[in-house]
Amino acid sequence: MTNLLRLALVGCTISACGGDDDAAESEAESEGEAAEGLAAPADGAGLQIRLQLTVPAGGEMFKCQYVQPTADAFFVKRWESWYSEGSHHLLLYKTFFSGELPRADVFDCASQGDLGIAGVAYASQTTRADLAFPEGVAMSFEPGTVLLYQSHYINATPEDIDADVRVNLLFAAEDEIVSYAGTLFYYDYNILIPGGYGAEGSASMSCPLSADINLVSAASHMHRRGAGLEARLSGGDLLYQSDAWKAPVPLVPDVPIAIPQGTSIDFTCTYANDREDPTVEGNSAEVNEMCIFAAFYYPKLPALEEFCLHDGGGPIFTGTASCGETLACWGACADGDELCDHTCTANVCAGSRDAITPFVRCAFIADCFDAEDGDACIEATCSDELEACEQATCD
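S.K.: Help me understand the overall build of the protein chain, please; the structure alone is not making it clear to me.
M.R.: Scanning the protein chain from N- to C-terminus turns up eight helices and 23 strands. For the protein chain, with 395 residues in total, the buried portion stands at 53%. Summed over all atoms, the accessible surface of the protein chain reaches about 16,600 Å², with 49% contributed by carbon and sulfur.

S.K.: Help me understand unusual backbone geometry, please; the structure alone is not making it clear to me.
M.R.: Across residues other than glycine, the phi torsion is negative in most instances, and most of the peptide bonds are trans. Of note, the amide linkage connecting Tyr 298 to Pro 299 takes the cis form, showing an omega dihedral of -10 degrees. In this model, Cys 308 sits at a positive phi of 60 degrees, which is unusual for a non-glycine residue. Under the relative-accessibility criterion, Cys 308 is labelled buried at 1%. A positive phi angle is found at Asp 367, which is not glycine, with a value near 60 degrees. Checked against the element boundaries, Asp 367 lands in the loop between helix H6 (353-365) and helix H7 (374-381). Judged by relative accessible area, which is 24%, Asp 367 ranks as partly exposed.

S.K.: What should I look at first to understand the state of the cysteines in this one?
M.R.: When the sulfur atoms of two cysteines share a covalent bond, that bond is a disulfide. Scanning all chains against the criterion turns up nine disulfides. Here Cys 207 connects covalently by a disulfide to Cys 308, the sulfurs 2.1 Å from one another. Every disulfide takes its handedness from the sign of the S-S torsion; for Cys 207 and Cys 308 that torsion is -105 degrees, giving left-handed. Residue Cys 207 is located in strand E15 (residues 200-208), and its partner Cys 308 is located in the loop between helix H3 (303-306) and strand E23 (314-315); the two are separated by 101 residues in the primary sequence. Considered together, Cys 207 and Cys 308 belong to a single accessibility category, that of buried residues.

S.K.: So what exactly am I meant to see when it comes to the pairing of strand E13 (residues 182-187) here?
M.R.: Every regular strand shows the same layout, with side chains that alternate between the two sheet faces. With six of six residues buried, E13 lies mostly within the body of the structure. Alternating residues of E13 divide into Gly 182, Leu 184 and Tyr 186 and Thr 183, Phe 185 and Tyr 187, and every residue in both groups is buried. Where E13 meets strand E22 (residues 292-298), six bridges bridge the pair, whose relative direction is antiparallel. Residue Thr 183 lies in a different strand from E22, and its bridge partner there is Phe 296.

S.K.: For this particular structure, what's the right way to read the sheet that holds E13?
M.R.: The strands that make up a sheet are held in pairs by hydrogen bonds between backbone atoms, and each pair lies either parallel or antiparallel. Sheet architecture is open: four strands sit in the order E13-E22-E16-E19, paired in antiparallel fashion. In this open sheet, the two strands that pair with only one neighbour each are E13 and strand E19 (257-259). Sheet twist, expressed as the average angle between the axes of neighbouring strands with direction ignored, equals 40 degrees. With three bridges connecting them, strand E16 (residues 213-221) and E19 associate as antiparallel partners.

S.K.: How should I be thinking about the packing of helix H4 (residues 323-332) against H6 in this particular structure?
M.R.: Helix-helix packing is described using two parameters, namely the angle between the two axes and the distance between the axes. Orientation of H4 relative to H6, taken along the N-to-C sense of each, is 45 degrees, at an axis distance of 9 Å. In terms of orientation, H4 lies oblique with respect to H6. Contact with H4, carried on its side by Cys 323, Thr 326, Leu 327 and Trp 330, involves Ala 355, Ile 356, Phe 359 and Val 360 of H6 and no other residues of that element. Split by residue class, the contact of H4 with H6 holds seven nonpolar, one polar and no charged.

S.K.: In this structure, what is going on with the sheet that holds E15? I would like to understand it.
M.R.: If you walk across this open sheet you meet the five strands as E18-E17-E20-E15-E23, and the pairing is antiparallel. Only two strands of the sheet have a single neighbouring strand rather than two, namely strand E18 (238-242) and E23.

S.K.: When you look at the pattern of salt bridges in this model, what are you seeing that I'm missing?
M.R.: Two side chains bearing opposite charge may form a pair once their charged atoms approach each other closely. According to the stated counting rule, one finds 14 salt bridges in the structure shown. For Asp 108, the salt bridge goes to Lys 63, with nearest N and O atoms at 2.8 Å. Taken as a pair, Asp 108 in strand E6 (residues 107-108) and Lys 63 in strand E3 (residues 60-67) lie far apart in primary sequence, 45 residues in all. A relative accessible area of 17% places Lys 63 in the buried class. Close ionic contact of Asp 274 with Arg 225 constitutes a salt bridge, the shortest N to O distance being 3.0 Å. With a gap of 49 residues between them, Asp 274 in the loop between strand E20 (264-272) and strand E21 (279-280) and Arg 225 in the loop between E16 and strand E17 (226-233) connect regions that are remote in the sequence. Three or more residues are tied together by salt bridges with common partners; here these are Arg 224, Arg 225, Asp 274, Glu 286 and Glu 289.

The rules behind each value
Residues numbered from 1 in each chain as written. Predicted model: local features only at pLDDT ≥ 70, side-chain atom pairs only at ≥ 80, totals over all residues. Heavy atoms only, no water. Helix = DSSP H or I, 4+ residues; strand = E, 2+ residues; numbered from the N terminus. Buried < 20%, exposed > 50% of the residue type's maximum accessible area, 1.4 Å probe, protein only. Areas by Shrake-Rupley, 256 points an atom, 1.4 Å probe, with all protein chains shown as cover. Disulfide = S-S within 2.5 Å. Pairing = 2+ DSSP bridges. Axes fitted to C-alpha atoms, helices over the stretch in contact; angles between N-to-C directions. Parallel < 35°, antiparallel > 145°, perpendicular 65-115°, else oblique. Contact = heavy atoms within 4.5 Å. Nonpolar A, V, L, I, M, F, W, Y, C, P; charged D, E, K, R; others polar. Salt bridge = Lys/Arg side-chain N within 4 Å of Asp/Glu carboxyl O.

What follows is the structure, given as structure tokens:
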């Protein structure tokens, strides 16, 4: 199970821009450049994080870099972003790091085992995006916050392309804030589409809410085999729907949608395979699939709940294997055999759902899936979850 979740939460220069230099840059931009880019915020209003890189012809790049926008605490009341042609998505993650950057270079996101991800700060998969929280609502960042900038570019052309990605953070004063915002990033890792052109598959997830929230915006994310995503509240009301995998239209209601405590956000992704081989969850837009429901909301929930890794949350399983049988199945897979891993996961039965989700959560947080001796890591860190998994049945 090495590849599950780690890859999901996963040549360029990133600079935090603001102040006089930004104002000068903004004034220097021609009218045409501004239409195709994004000017930095005015002096004192915020800052811009910018990434520039060259994507080789026919290449797919999944690059990460840590950045500290400012050493001080800051509060974001509005996000703006823009990227040039070829981007599949951009992500800004919150991390557990503070102060010094864990590394300063640009690196392949999959090359580092523990990225230190603590949550999602911002995400976009459209060329230009603009998200403003309601008055008095902002996203909070502690002093010394280190963010992880992740950019996914695909160049299907025969020529290299120069990529440009810009994100503006517009600030609120702390004394203006009455509620703190968060990001729901529900990632279903249980994806296995049968092999064969046109073969259909689906993935479903259910995420209960422990408190009342107000939804500010929502969107889906899939790869090219994605036929649609539908999200409903547990009472049956439609929350969000999209049949566009490449540039889904986000939901931005005129008034935030109030969702009460105890309600579940339930969503399903449907697929039609375009390959002879089976397709499983993973990062590559060329050979893997994703199923993500993402939303900005307030007031903020605990971090695990934002990832749907809390008790009661997680993928919907419809297979025939107990949690213990699934552990044995994973253990029989060769290292790096994604198809074997996902075939085991897809066969988990409904009766073992409440046992396998806590086990996966514990092993993921402890980084046991990437440990040199994963079994020893699990036994030392997740013994209670392991025992519960081994005892779970399909009844």
